[in-house]
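# Structural characterization, general
Spelled out, the chains give:
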Amino acid sequence: MIEVPTPEQPAAAGSQGSQQAPAVYVAGLRKSYGDVTALNGVELAVAPGEFFTLLGPSGSGKTTLLRLIAGFERPDAGTIELTGADVTGTPPYARDVNTVFQDYALFPHMTVAENIEYGLRVKRVPKQQRKQQVARALDMVRLPGLGARKPSQLSGGQRQRVALARAIVNRPQVLLLDEPLGALDLKLRQEMQLELLRVQREVGITFIYVTHDQEEALTMSDRIAVMSNGGIEQIATPVEVYEHPRTPFVAGFIGVSNLIERDGDQITVRPEKITLLTEHDQAPADTHVEGGQVTDVIYVGVLTRYVVALDAGGELVVSRQNAGHSGATVTRGNQVRVAWRAAQAFTIPR
Amino acid sequence: MESTGLRVALRIWVALVLLFLFVPIAAIILYAFNKSTIESWPIGGFTGHWFSVAWHDSQVREALWLSVRVGLFATGLALVLGSMVAYALHQFRFYGRDGISLLLVLPIALPGIITGIALNSFFSFTGIQFGTLTVVAGHATFCIVVVFNNLIARLRRVPGSLAEASMDLGARGWQTLRFVTIPLAATALVSGALLAFALSFDEVIVTVFTAGAQNTLPLWIFGAIRLGQQLPEVNVVVTIVIALTLIPVILAARIAGSGAVTR
Ligand SMILES: Nc1ncnc2c1ncn2[C@@H]1O[C@H](COP(=O)(O)OP(=O)(O)OP(=O)(O)O)[C@@H](O)[C@H]1O
Ligand SMILES: [Mg+2]
């Protein structure tokens with residue numbers, strides 16, 4: 001046997017020419033459970049190698065979409081394509097897609113190595129080759145030497161890594177991750193976020209990542225699809241989603257809501273783009289200024305958030321860095337003015 | 001904290017309950033070694049003589065052999081049918097699924113006498129010869145339930161995402177069954193089989209109604225006691241039955257305990 005260090009997928013993907021089909025393309029996807037509509041006509045295209053995130057509140061249909069792409073369930077309507085090939089009716093074992101489950105779903109009766117080896121074993125990869133690839137996968141997730149353990153003998157973070165290794169060892173075209181860090185505590189979570197990004201760059205696999213944590217989505221993704229009620233509200237880069245939310249829902253779900261109504265239009269301004277002025281402060285040039293009263297002051301370490309009830313109606317959150325700014329101390333009940341540049345305010349399309 | 005008095009009282013109480021349960025059993029085992037043929041206290045000295053008598057008694061041998069055969073066949077049948085039904089009911093959703101589940105478990109809730117009479121009239125009506133096969137069929141009715149119950153309880157405890165993960169990693173249905181489902185259910189299957197065998201081995205009522213001229217071990221014991229003869233031999237045989245029944249039950253409990261699905 002000739003030893004090929006990496007399986008053929010990356011080469012094949014590269015040889016497809018410049019007009020690459022999307023790694024994943026779904027259109028008109030619908031799925032109902034009884035009278036609950038879980039997905040209501042979803043369309044999206046994920047580019048090869050992209051880190052694509054599905055972000056949305058609980059029940060918005062993220063898991064359902066992932067399960068349809070993986071093939072665990074059939075859509076009521078719509079099509080699913082992987083690199084241009086229609087797989088709508090293809091069973092999961094015949095799709096070049098792997099999943100990292102939220103509960104990890106490691107096989108409890110197998111060792112870590114056997115778990116990772118599983119995909120290669122059912123595809124009848126020769127034993128020698130399997131051993132090498134398992135060892136390499138264990139190295140990649142930084143768990144060398146733990147192959148002989150049982151999953152029950154691992155910590156949560158280690159299980160997470162094993163689940164990741166078990167999926168990427170197959171070199172799928174697309175990796176689906178359903179809140180893979182949901183069960184971890186904050187510190188481990190942040191560590192694993194970096195780890196995931198590193199692994200994704202190393203293997204170059206397309207990631208579709210589900211989370212309901214907006215910060216996680218913003219820091220990790222190439223693009224984000226914001227979902228609500230079984231539909232997609234917006235698909236854009238993190239910066240775009242944050243600074244130019246396309247719907248009130250997106251504005252409210254990403255970051256602090258800060259939605260006010262002026263002249264019949266819904267306007268949103270991010271808290272850090274608003275300047276807080278006390279009576280003696282001069283308003284910066286070319287800004288829109290409004291008066292209001294501070295109803296709450298929330299100290300959060302690096303910054304302080306002020307909730308300002310505006311005289312013209314509505315409420316805005318203003319955040320100010322605590323880096324020794326010159327401004328006077330503002331406390332609850334103070335009369336203040338807030339100012340922002342017109343370019344920073346965003347009118348939400350109706 | 002409870003008082004010392006209460007503690008002592010509780011201990012005595014537990015001891016009494018255990019005595020109540022186990023003194024008769026101990027007495028039988030003791031009398032199996034009795035030198036005298038009369039069951040008096042204290043026993044008239046120890047002997048292994050009755051074991052030898054029982055061993056050479058062809059009736060006992062035949063009864064024992066029949067019981068073992070029936071137990072093995074009934075268990076085998078139950079393993080095949082019970083596990084297939086459990087897997088099907090667990091795996092597939094269809095109309096009437098819960099009803100079938102209930103129907104399957106019903107035989108164990110019904111008094112044995114009803115099962116016995118029902119089978120008896122069925123076999124008589126259809127003209128099937130009473131014999132080993134009819135006894136096996138009778139025992140299988142409750143053996144299936146034991147295997148089914150054990151297995152389905154285990155299958156329900158195995159997270160559904162494991163089978164999905166297996167398929168996701170490229171395994172076909174049969175590969176998933178072989179590499180994931182069966183290994184995870186193996187201990188439940190073994191403990192179900194052991195329990196089924198133990199139940200079959202000491203079953204009397206259903207056997208009475210389904211046996212032909214042959215005697216299973218419990219039937220032979222029953223007959224011997226009624227006739228009031230061969231009592232020392234009965235004690236020996238019962239001692240052996242106790243041993244044979246207890247071993248699988250203890251094994252089954254052990255396996256069921258240690259084989260729990262952990263994550
Ligand atoms: N198997 C099912 N049977 C019935 N309803 C379901 C099923 N799976 C999902 N649903 C419903 O479909 C909707 C979408 O569920 P889904 O699991 O996709 O949400 P999600 O975005 O993943 O939420 P979460 O963040 O809580 O995981 C919900 O209303 C849910 O109750
Ligand atoms: Mg979900």
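In this text, all values refer to a predicted model and were calculated from it rather than measured experimentally. (Residues numbered from 1 in each chain as written. Chains lettered and ligands numbered in written order. Predicted model: local features only at pLDDT ≥ 70, side-chain atom pairs only at ≥ 80, totals over all residues. Heavy atoms only, no water.)

### Structural notes on the overall build of chain B
From N to C terminus, chain B includes eleven helices and zero strands. Secondary structure elements in chain B, listed N-terminal to C-terminal, are α-α-α-α-α-α-α-α-α-α-α. Viewed in the frame of its principal axes, chain B has a C-alpha envelope of about 70 × 65 × 30 Å. The buried share among the 263 residues of chain B stands at 37%. (Helix = DSSP H or I, 4+ residues; strand = E, 2+ residues; numbered from the N terminus. Buried < 20%, exposed > 50% of the residue type's maximum accessible area, 1.4 Å probe, protein only.)

### Brief notes about the nonpolar core
Residues and elements named next belong to chain A. Counting 40 residues, the largest nonpolar core has Val24, Leu54, Leu65, Tyr118 and Ile208 as its most contacted members. A per-element tally of this core places helix 2 (residues 62-70) first, with five residues. Those residues in contact with Val24 that lie beyond four places of it in its chain are Leu44, Ala45, Val46, Ile69, Glu81, Leu82, Val174 and Ile208. Counting 36 residues, the second largest nonpolar core, distinct from the first, contains Leu143, Leu146, Leu177 and Leu184. (Core = buried A, V, L, I, M, F, W, Y, C linked by side-chain atoms within 4.5 Å. Contact = heavy atoms within 4.5 Å.)

### Points about the interface of chain A and chain B
Each partner contributes to the interface: chain A provides 26 residues, whereas chain B provides 21 residues. Our count for the chain A to chain B interface comes out at one salt bridge. Of all the secondary structure elements, the ones that give two or more residues to the side of chain A that touches chain B are helix 2, strand 6 (97-100), helix 3 (112-122) and helix 5 (156-168) of chain A. For the side of chain A that touches chain B, the leading source of residues is helix 3 of chain A, giving four residues. (Salt bridge = Lys/Arg side-chain N within 4 Å of Asp/Glu carboxyl O.)

### Some details on the sheet that holds strand 1 (residues 24-33) of chain A
Residue and element names in this part refer to chain A. Judged by pairing direction, the sheet is antiparallel, and its four strands sit side by side in the order 2-1-4-5 without closing on themselves. Bordering the open sheet on either side are strand 2 (36-46) and strand 5 (85-86), each of which pairs with just one other strand. With two bridges joining them, strand 4 (residues 77-82) and strand 5 adopt antiparallel strand pairing. Note on strand 5: the bridge partner recorded for Leu82 is Ala85. Sheet strands touched by helix 2: strand 1, strand 2 and strand 4. Its angle to strand 1, the strand with the most contacts, is close to 120°. (Pairing = 2+ DSSP bridges. Axes fitted to C-alpha atoms, helices over the stretch in contact; angles between N-to-C directions.)

### A word on the site of ligand 1
Residue and element names in this part refer to chain A. If you check the shell around ligand 1, you find 13 residues, and the closest are Ser58, Gly59, Lys62, Thr63 and Thr64. Separating an oxygen atom of ligand 1 from a backbone N or O atom of Gly59 is a distance of 2.8 Å. Residue Thr63 places a side-chain N or O atom 2.6 Å away from an oxygen atom belonging to ligand 1. Protein burial of ligand 1: of its 630 Å² of free accessible surface, 61% is covered by the chains. No other element matches the three residues that helix 2 contributes to the shell around ligand 1. Here the shell around ligand 1 is built from residues that sort into four nonpolar, seven polar and two charged. (Near = heavy atom within 4 Å. Polar contact = N/O pair within 3.5 Å; in protein donor to acceptor, adjacent residues only side chain to side chain. Areas by Shrake-Rupley, 256 points an atom, 1.4 Å probe, with all protein chains shown as cover. Nonpolar A, V, L, I, M, F, W, Y, C, P; charged D, E, K, R; others polar.)

### What to know about the packing of helix 3 (residues 58-91) of chain B against helix 4 (residues 97-109) of chain B
All names here are of chain B. Between helix 3 and helix 4, the shortest axis-to-axis distance is 10 Å and the interhelical angle comes to 155°. For the element pair helix 3 / helix 4, the angle class is roughly antiparallel. At the point where helix 3 passes helix 4, the crossing takes the left-handed sense. Each of Val85, Leu89 and His90 in helix 3 lies in contact with helix 4, whose residues at this interface are Arg97, Ile100, Ser101 and Leu104. The residue inventory of the contact of helix 3 with helix 4, partitioned by class, reads four nonpolar, two polar and one charged. (Parallel < 35°, antiparallel > 145°, perpendicular 65-115°, else oblique. Left-handed = near helix turned anticlockwise from the far one by under 90°.)

### Thoughts on the confidence of the model for chain B
Residue and element names in this part refer to chain B. Averaged over every residue, the pLDDT of chain B is 85; residues scoring 70 or more account for 94%. Here helix 11 (residues 231-258) stands out as the element of chain B with the lowest mean pLDDT, 78, in contrast to helix 7 (residues 160-168), whose mean of 93 is the highest. The low-confidence segment residues 259-263 (pLDDT under 50) makes 13 contacts with residues lying over four places distant or belonging to another chain. (pLDDT = per-residue confidence, 0-100.)

### Here's the deal with the packing of helix 4 of chain B against helix 6 (residues 132-157) of chain B
Residue and element names in this part refer to chain B. Between helix 4 and helix 6, whose axes approach to 8 Å, the crossing angle comes to 130°. Looking at the two axes, helix 4 sits oblique to helix 6. For the pair helix 4 and helix 6, the sense of crossing is left-handed. Between helix 4 and helix 6, the residues in contact are Ser101, Leu104, Val105, Pro107 and Ile108 and Thr141, Phe142, Ile144, Val145, Val146, Phe148, Asn149 and Arg156, respectively. Its residues assigned to classes, the contact of helix 4 with helix 6 comprises nine nonpolar, three polar and one charged.

### Structural notes on the layout of surface pockets
Residues and elements named next belong to chain B. Put simply, the largest pocket is a space of about 580 Å³. In terms of lining, the largest pocket is formed by 19 residues, of which the most central are Gln91, Gly160, Ala163, Glu164 and Met167. Broken down by secondary-structure element, the contributors of at least two residues to the lining of the largest pocket are helix 3, helix 7 and helix 8 (173-201). For the lining of the largest pocket, the element with the highest residue contribution is helix 8, accounting for five residues. (1 Å grid on protein atoms, 1.4 Å probe; cavity = no way out; pocket = protein on both sides within 12 Å on 5 of 7 lines; lining within 4 Å. Points joined across faces, edges and corners; volume = space filled by probe spheres on them.)

### Some points on the sheet that holds strand 15 (residues 303-310) of chain A
Paired through backbone hydrogen bonds, the strands of a sheet run either parallel or antiparallel to each other. Residues and elements named next belong to chain A. On the basis of which strands lie adjacent, the open sheet formed by five strands has the order 13-17-14-15-16 and antiparallel pairing. The two strands at the open ends of the sheet, each matched to only one other strand, are strand 13 (275-277) and strand 16 (315-321). In this sheet, adjacent strand axes meet at a mean angle of 45° when their direction is disregarded. In this sheet, strand 16 lies alongside strand 15 in antiparallel orientation, the contact comprising seven bridges. Bridging from a neighbouring strand, Ala309 pairs with Glu315 of strand 16.

### Digging into helix 6 of chain B
Here helix 6 of chain B spans 37 Å end to end across 26 residues, near enough to the 38 Å set by a 1.5 Å rise per residue. Along its length, helix 6 of chain B shows its largest kink, about 35°, at Ala140(B). (Expected span 1.5 Å × (residues − 1). Bend = angle between axes of the 7 residues up to and from the residue.)

### Focus: the pairing of strand 4 of chain A
Side chains on a regular strand alternate between the two faces of the sheet. Residues and elements named next belong to chain A. Strand direction decides the pairing type here: strand 1 and strand 4, joined by five bridges, are antiparallel. Note that in strand 4 the partner of Ala27 across the bridge is Thr79. A loop of two residues connects strand 4 with strand 5, the two strands running antiparallel in sequence, and Thr83 in this loop sits at a positive phi of about 40°.

### Considerations on the packing of aromatic side chains
Applying the stated rule across the entire model yields ten aromatic pairs over all chains. Ring geometry for Phe249(A) against Phe253(A): centres 5.6 Å apart, planes inclined by 10°, an arrangement best described as stacked. Of the two residues, Phe249(A) and Phe253(A) are both situated in helix 9 (residues 248-253); the distance of four residues between them amounts to about one turn of the helix. An aromatic cluster is built from Phe51(A), Phe207(A) and Tyr209(A), whose rings are joined through pairwise contacts. Over the aromatic face of Phe179(B) sits the side chain of Arg121(A), whose NZ or CZ is 4.2 Å from the ring centroid. A cation over an aromatic ring shows up here: Arg166(A) above the ring of Phe107(A), its NZ or CZ 4.8 Å from the ring centre. (Phe/Tyr/Trp six-rings, centres within 6.5 Å; stacked < 30°, edge-to-face > 60°. Lys NZ or Arg CZ within 6 Å of the ring centre and 35° of its normal.)

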